[in-house]
Amino acid sequence: MTSATGTTRAPAPTATTAESAPTTRPSSLPSLTGLRWVAALLVFGLHVHNFGYFGDTGGRIVAWGFGAGANGVSFFFVLSGFVLMWSARPHDRAMAFWRRRVARIYPVHLVTAAIALLMGFTLSRQMRPTLNSALANVLLTHSWWRPWWQTLDPVSWSLACEAFFYAVFPLLALGLRRLGARGVTVVAGLSVLAVTALAWSDAHHWLSQPVYSFPAARLPEFVLGAAVARLVFLGRWRGPGMEASLALTIIGYFLVPQVTPGYSATTCTIIGFALLIPAAAVADLRGLPSLWRHRRLVRLGELSFAFYMIHLLVLRAGINLLGKSPHFGVAAGLTATAVAFTVALALAWLLYEGVECPARELLLRRRSGKPQPPVTERDRGVVRGGQETVPGGRPR
């Protein structure tokens, strides 16, 4: 509930076992799905800016509004930790969890990787991967080696980070469940400190390579999201409400140009994201007003993973028609952006309906061939369209 001071408090668990709560709590947190789309849209705007669709005044406006869009990746990593911890099954086996994660991200990843490979060998001005880098991309290990981090579909680097998060999540969930609220709060605080320390080291070139796309360096954001989810689950969340959390997030977003580009920008928004996500979740749990719960926004959020995975390929294909960094005027730039957005959204819908959903249902069938019980929103990571992954891209 929201107190007079604007503090959002999650409902405390009943006197029965806390671990029984997942069977009674809502399986859907639609506000998180809506927020997911907003973050994906920021990433799209960033890439429009990077591809130079706008020149002069239009370019400056787009840079002001979307130049910090790469921080969408941080939002998705925090959100991933939150939704996986929130939806975790107390006695779930690691293999069952990993199987659901593979079913969740691999079908779309393989299809978009194939499209990127086809583009590389059929269109001019496209990058052609080596055999080793392409194989690393398919296996989602390419982000561990900096020269390969944008192989095939460039945005898939974040999926390699997510694959690492999934690998460690069963152990992380076990550890968080054994801690009380104070211990979980300490974990959250240490995660923020880790992000800050990594940002400082990256900005001062203390490390052998930039850490923006390095999976281990992005783990603290995921852990922070999981810790915050655990606090909400235990009824011990004491963060501010939606309005204050959103304000802090927006302020941090527009502070990004003031820091060193790359990983350091994460420090500007990490607190805002860690407050906004649980505030939105609590709003859904308590039935409080939430702009992000609008049905059209939620529907777009369902498409956000597929949109993320295909939009950069659409923009790259557009180079063959528009040229590199065309720097259009405002009217022509808006037209080109609208066309690219429409094509990407249409392809995202096709990927979602024709690949993501049917492939997931097929892969989650029991070995006997009989279908499992219907996959709930909680099984899908609370937000149907969510990648417990995330989009994002760094300015070139």
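All values derive from a computational prediction rather than experimental measurement.

Enquirer: Would you mind showing me how to read the overall build of the protein here?
Expert: In terms of helices and strands, the protein carries 13 helices and zero strands. Put simply, the protein runs from its N terminus to its C terminus through helices and strands in the order α-α-α-α-α-α-α-α-α-α-α-α-α. Counting only residues that meet the buried cut, the protein has 54% of its 396 residues in that class. Roughly 17500 Å² of accessible area belongs to the protein as shown, and the carbon and sulfur atoms make up 67% of that amount.

Enquirer: Is there a simple way to think about a nonpolar patch on the surface in this case?
Expert: A surface patch of nonpolar side chains, amounting to about 440 Å² of accessible area, comprises Val339, Val343, Leu347, Trp349 and Leu350. Looking at the element boundaries, Val339 is found in helix 13 (residues 330-363).

Enquirer: Hey, could you run me through helix 10 (residues 266-286) in this one?
Expert: Because an α-helix completes one turn every 3.6 residues, residues spaced three or four positions apart along the sequence face the same direction. In this model helix 10 runs 30 Å from its N-terminal to its C-terminal C-alpha over 21 residues, within 8% of the 30 Å that 1.5 Å per residue would give. In helix 10, a bend of some 25° at Gly272 exceeds every other bend along the element. With its phi angle positive at about 70°, Gly287 sits one or two positions after the end of helix 10.

Enquirer: So what exactly am I meant to see when it comes to the packing of aromatic side chains here?
Expert: The geometry of two aromatic rings is summed up by the distance between their centres and the angle between their planes. Throughout the structure, instances matching the rule amount to 23 aromatic pairs. Taken together, a centroid distance of 6.2 Å and an interplanar angle of 90° make the contact between Phe97 and Tyr166 edge-to-face. Taken together, the residues Phe97 in helix 4 (residues 94-122) and Tyr166 in helix 6 (residues 157-178) connect sequence positions 69 residues apart. Of the residues examined, Phe97 reaches a relative accessible area of 6% and is grouped as buried.

Enquirer: In this structure, what is going on with the side chain of Glu221? I would like to understand it.
Expert: Structurally, the position occupied by Glu221 is in helix 8 (residues 215-233). On the basis of relative accessible area, Glu221 is assigned to the buried category, the value being 0%. Leave out the neighbours within four places in its chain, and Glu221 touches Ser74, Phe77, Val78, Val195, Tyr263, Thr266 and Ile270.

Enquirer: Would you mind going over the nonpolar core with me for this structure?
Expert: In globular proteins that are soluble, nonpolar side chains generally tend to be buried together. Within the largest apolar cluster, 97 residues are counted, with the highest numbers of intra-cluster contacts made by Leu32, Tyr53, Phe75, Phe82, Phe169 and Leu315. With sequence-adjacent residues up to four places away left out, Phe169 is seen in contact with Leu84, Met85, Ala88, Phe97 and Phe222.

Enquirer: Would you take a moment to explain the packing of helix 9 (residues 242-255) against helix 10 for this structure?
Expert: If you want to describe how two helices pack, look at the angle between their axes and the distance between the axes. One way to put it is that helix 9 packs onto helix 10 with a least axis distance of 8 Å and a crossing angle of 155°. By the angle between their directions, the pair helix 9 and helix 10 is classed as roughly antiparallel. Taken as a pair, helix 9 and helix 10 cross one another with a handedness that is left-handed. In this structure, helix 9 contributes Met242, Ser245, Leu246, Leu248, Thr249, Gly252, Tyr253 and Leu255 to the contact, and helix 10 contributes Cys268, Thr269, Gly272, Phe273, Leu275, Leu276, Ala279, Ala280 and Ala283. Residues belonging to the contact of helix 9 with helix 10 are distributed by class as follows: twelve nonpolar, five polar and no charged.

Enquirer: Looking at this structure, how should I read the packing of helix 3 (residues 72-87) against helix 6?
Expert: Put simply, helix 3 and helix 6 touch, their axes get as near as 10 Å, and they point 35° apart. For the pair helix 3 and helix 6, the crossing hand works out as right-handed. Taking contact as the criterion, the partners of Val73, Phe76, Phe77, Ser80, Leu84 and Met85 in helix 3 are, on helix 6, Trp157, Ser158, Cys161, Glu162, Phe165, Tyr166, Phe169, Ala173, Leu176 and Arg177. For the contact of helix 3 with helix 6, the class distribution of residues is twelve nonpolar, two polar and two charged.

Enquirer: What is the right way to look at the pattern of salt bridges in this model?
Expert: If charged atoms from side chains of opposite charge come close, those side chains can pair. Taken as a whole and assessed by the stated rule, the structure comprises seven salt bridges. Of the charged contacts, one joins Arg218 and Glu221 as a salt bridge, the two residues approaching to 2.8 Å between their closest N and O atoms. Placement of the pair is Arg218 and Glu221 together in helix 8, with a separation of three residues, close to one helical turn. In this pair, the class of Arg218 matches that of Glu221, namely buried. With a closest N to O distance of 3.7 Å, Glu356 and Arg360 form a salt bridge. A residue pair is termed a helical-turn pair when its members lie 3 or 4 positions apart in one helix, as Glu356 and Arg360 do in helix 13 at four residues.

Enquirer: Whenever I open this one, helix 4 confuses me. Can you help?
Expert: For helix 4, with 29 residues, the first-to-last C-alpha span of 41 Å sits near the 42 Å given by 1.5 Å per residue. At Tyr106, helix 4 is bent by approximately 35°, the largest bend along its length, and proline Pro107 sits one to four residues beyond.

Enquirer: Any chance you could explain the confidence of the model for the protein here in plain terms?
Expert: Reading fine detail from the predicted coordinates is not recommended where pLDDT is low. The predicted model of the protein averages 87 in pLDDT, with 85% of residues at 70 or higher. Note that pLDDT drops below 50 for residues 374-396; the model gives that stretch 109 contacts with residues more than four away or on any other chain.

Enquirer: Explain the environment of Ala216 here, please?
Expert: Within the secondary structure layout, Ala216 lies in helix 8. When the C-alpha positions of Ala216 and Phe165 are compared, they lie 8.6 Å apart, and in sequence the two are 51 residues distant. The contact partners of Ala216, leaving out residues within four places of it in the chain, are Trp144 and Phe164.

Enquirer: Can you walk me through unusual backbone geometry in this structure?
Expert: If a residue is not glycine, its phi is most likely negative; likewise, a peptide bond is most likely trans. For Ser325, which is not glycine, the phi dihedral falls at a positive 50°. Positive phi, normally seen in glycine, also occurs at His327, with a value near 50°. Tracing the chain through its elements places His327 in the loop between helix 12 (304-322) and helix 13.

Conventions adopted
Residues numbered from 1 in each chain as written. Predicted model: local features only at pLDDT ≥ 70, side-chain atom pairs only at ≥ 80, totals over all residues. Heavy atoms only, no water. Helix = DSSP H or I, 4+ residues; strand = E, 2+ residues; numbered from the N terminus. Buried < 20%, exposed > 50% of the residue type's maximum accessible area, 1.4 Å probe, protein only. Areas by Shrake-Rupley, 256 points an atom, 1.4 Å probe, with all protein chains shown as cover. Patch = residues over 30% accessible without salt bridge, like charges linked within 9 Å, V, L, I, M, F, W, Y side chains within 5 Å. Salt bridge = Lys/Arg side-chain N within 4 Å of Asp/Glu carboxyl O. Expected span 1.5 Å × (residues − 1). Bend = angle between axes of the 7 residues up to and from the residue. Phe/Tyr/Trp six-rings, centres within 6.5 Å; stacked < 30°, edge-to-face > 60°. Contact = heavy atoms within 4.5 Å. Core = buried A, V, L, I, M, F, W, Y, C linked by side-chain atoms within 4.5 Å. Axes fitted to C-alpha atoms, helices over the stretch in contact; angles between N-to-C directions. Parallel < 35°, antiparallel > 145°, perpendicular 65-115°, else oblique. Left-handed = near helix turned anticlockwise from the far one by under 90°. Nonpolar A, V, L, I, M, F, W, Y, C, P; charged D, E, K, R; others polar. pLDDT = per-residue confidence, 0-100.

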